[in-house]
Amino acid sequence: MLSPDYDCSIVNLISSLAGSHAPAASLYPPLALLEDARCQQRPVVLLVVDGLGYQFLQRFPDSVMAKHCVKRLTSVFPTTTATAVTALALGVPAQQHGITGWFTYLRELGAVVMPLPFMPRGGGGCYSDQGVPAGAMLDAKALLPNLARPTQLSSPAYIADSGFSRAIYGGVERASHQSLQQLFDGLAAGIRRRGDPLIWGYWTELDALAHQYGCQSVEVVSHFEQIDNAFAQWLEEIAGNDALVLVTADHGLIDADPQQQLQIERHPQLAKMLRLPLCGEPRAAFCYLRPGAQSDFEQYMQQYFADLFEVCPSEQLLAQNLFGRGAASPRIADRIGDVTVLAKKRATIKDRLQQERPFFQRGVHGGLSAQELYVPLVRVEP
């Protein structure tokens, strides 16, 4: 399987943008590709398009973004928004920040939690309403407020002021949006600020449509064309501002095969070995096993699902630096379970709590396929 390249990843991109304020440049050095880019001496726009994988972009060679794509970066592990957007915001991967997936077991809260809405899996109130700040999940501090330059964040209105957004972006100035036009209007306004600003844009709709309709769908292709057309028009509008425009993504996606889905509830013998619901992602599931069950679990998976999944001791993946380099978050060992089930082909592994409705996502991510791991680096100097 592939693995993140922490010399050429989205974290290294942030080290380039943060300059001397990069939190771990010795572990995640700046991209050599951007050494000549004057990232600290002029306005810089970073646009993160959720789900825009490198391989997906290569399907549209005539697009403006593809024509200006200068590098293939890797995401982090797991290749999912909860982990990768946190890495982009904080400048370190899960090894240091500690968020390991859409479902993350937080021992300090005694629950499997959805970090982005900061709610328990299966429903319930937001922990912020109970007096627990979302930042309590993190083992790294917000980076953007510490940069020695004006910084502006433009993110979707529905998450712009969430507890999680406040935790990872800190108190930077916000310009929320509800449309592509509003997104690019906000980015254009940010460029005109004095002091070589860093303008950070985040767009989520491509990922949402891929989950619903699949990566190859008409809906996703049409929406990408809308993004690219709006991007091209915006570049014309901001020409002559000496700005550096960079576009990347948190991860890509792959279309799941419903015939390759392992549903835990259909395998009661397997379910009995688990002491917690599955954590992580359907393409990279962290399994918490009952005492003495690891060998039986691995044998069951090998006997029935060897062609679809690889089972690895989670501590082995940690030792192999899959989550990052250097000293690990003191809580990450609690958050990756006993074994990790890594999907092959287009497989997924899922379980369902009694209060959860069954559903099938067509486009998925979290795993280590090329479609999920590789993201583009687009560079334009309009």
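Look up: the structure comes first, before these words.
Here the structure is a predicted model, which means the values were calculated and not measured.

What counts and what doesn't
Residues numbered from 1 in each chain as written. Predicted model: local features only at pLDDT ≥ 70, side-chain atom pairs only at ≥ 80, totals over all residues. Heavy atoms only, no water. Axes fitted to C-alpha atoms, helices over the stretch in contact; angles between N-to-C directions. Helix = DSSP H or I, 4+ residues; strand = E, 2+ residues; numbered from the N terminus. Parallel < 35°, antiparallel > 145°, perpendicular 65-115°, else oblique. Left-handed = near helix turned anticlockwise from the far one by under 90°. Contact = heavy atoms within 4.5 Å. Nonpolar A, V, L, I, M, F, W, Y, C, P; charged D, E, K, R; others polar. Buried < 20%, exposed > 50% of the residue type's maximum accessible area, 1.4 Å probe, protein only. Pairing = 2+ DSSP bridges. Phe/Tyr/Trp six-rings, centres within 6.5 Å; stacked < 30°, edge-to-face > 60°. Lys NZ or Arg CZ within 6 Å of the ring centre and 35° of its normal. Polar contact = N/O pair within 3.5 Å; in protein donor to acceptor, adjacent residues only side chain to side chain. Disulfide = S-S within 2.5 Å. Core = buried A, V, L, I, M, F, W, Y, C linked by side-chain atoms within 4.5 Å.

(A) Seen up close, the packing of helix α7 (residues 180-191) against helix α9 (residues 218-237). Interhelical geometry of α7 versus α9 gives an angle of 30° and a closest axis separation of 10 Å. Classified by the angle between their axes, α7 and α9 sit roughly parallel to one another. Taken as a pair, α7 and α9 cross one another with a handedness that is right-handed. Residues Leu180, Phe184, Leu187, Ala188 and Ile191 of α7 form the contact with α9, whose participating residues are His223, Gln226, Ile227, Ala230, Phe231 and Trp234. The residue makeup of the contact of α7 with α9, split by class, is 9 nonpolar, 2 polar and no charged.

(B) Broad picture of the pairing of strand β18 (residues 374-380). In terms of residue burial, β18 counts as a mostly covered element, since 7 of its 7 residues are buried. Judged by which residues are buried, β18 turns out to be covered on both faces: Tyr374, Pro376, Val378 and Val380 on one side and Val375, Leu377 and Arg379 on the other are all buried. Alignment of strand β2 (residues 69-74) against β18, held across 5 bridges, turns out to be antiparallel. Its bridge partner lying in β18, cysteine 69 is registered against valine 378.

(C) Geometry of the packing of aromatic side chains. One pass over the structure, following the stated rule, counts 15 aromatic pairs. Geometrically, the ring pair formed by tyrosine 105 and tyrosine 288 is edge-to-face, given 5.3 Å between the ring centres and 70° between the ring planes. Within this pair, whereas tyrosine 105 is found in strand β3 (residues 104-106), its partner tyrosine 288 is found in the loop between β13 (284-287) and α11 (294-305), the two being separated by 183 residues in sequence. Three or more aromatic residues joined by ring pairs make a cluster, and in this case those are Tyr300, Tyr304, Phe305 and Phe309. The ring of phenylalanine 103 is capped by arginine 121, whose NZ or CZ atom sits 4.3 Å from the centre of that ring.

(D) Highlighting the environment of aspartate 5. Position of aspartate 5 relative to the elements: it lies in the segment before α1 (10-18). Sequence-distant contacts of aspartate 5, that is, excluding residues within four places in its chain, are made with Asn12 and Thr74. Within the structure, the side chain of aspartate 5 is placed 2.9 Å from the backbone nitrogen of aspartate 7, a separation counted as a polar contact.

(E) Summary view of the state of the cysteines. Inspection of every chain in the model, using the stated rule, returns 0 disulfides. Here cysteine 8 stays unpaired: no disulfide links it, and the sulfur of cysteine 69, its closest cysteine neighbor, is 11 Å away. As a non-bridged cysteine, cysteine 215 has cysteine 69 as the owner of its nearest cysteine sulfur, 17 Å distant. We classify cysteine 215 as buried; its relative accessible area is 8%.

(F) Representation of the nonpolar core in the model. With 90 residues, the main nonpolar core has Trp200, Phe231 and Trp234 as its most contacted residues. Excluding anything up to four places from it in sequence, phenylalanine 231 contacts Leu47, Val64, Met65, Phe184, Val245, Val247 and Val380. Among the nonpolar cores identified, the runner-up in size contains 22 residues, and Tyr105, Cys312, Leu318 and Leu368 belong to it.

(G) Summary view of the sheet that holds strand β7 (residues 173-174). Ordered by their spatial adjacency, 7 strands build an open sheet running β2-β18-β9-β1-β8-β6-β7, and the pairing between neighbours is mixed. Edge positions in the open sheet fall to β2 and β7, since each of these has one partner strand only. Relative to strand β8 (residues 198-203), strand β6 (residues 151-154) is paired through 4 bridges, and the arrangement is parallel. Within the sheet, the bridge partner assigned to leucine 153 lies in β8 and is tryptophan 200. Contacting β1 (44-49), β6 and β8, α7 crosses the sheet at an angle of about 170° to β8.

(H) Examining unusual backbone geometry more closely. For the bond running from phenylalanine 77 to proline 78, omega is -10°, close enough to zero to count as cis. Along the chain, proline 78 turns up in the loop between β2 and α4 (81-90). A positive phi angle, close to 55°, is found at phenylalanine 118, a residue other than glycine. Inspection of the secondary structure puts phenylalanine 118 in the loop between β4 (111-114) and β5 (119-120).

(I) Examining the side chain of glutamate 356 more closely. Relative to the assigned elements, glutamate 356 resides in the loop between β16 (348-350) and β17 (363-364). A distance of 2.9 Å separates polar atoms of two side chains, one belonging to glutamate 356 and the other to arginine 121. Here glutamate 356 is in contact with Phe103, Arg121, Gly122 and Asp351, once residues within four sequence places are set aside.

Scope: geometric values only; no functional claims are made or implied.
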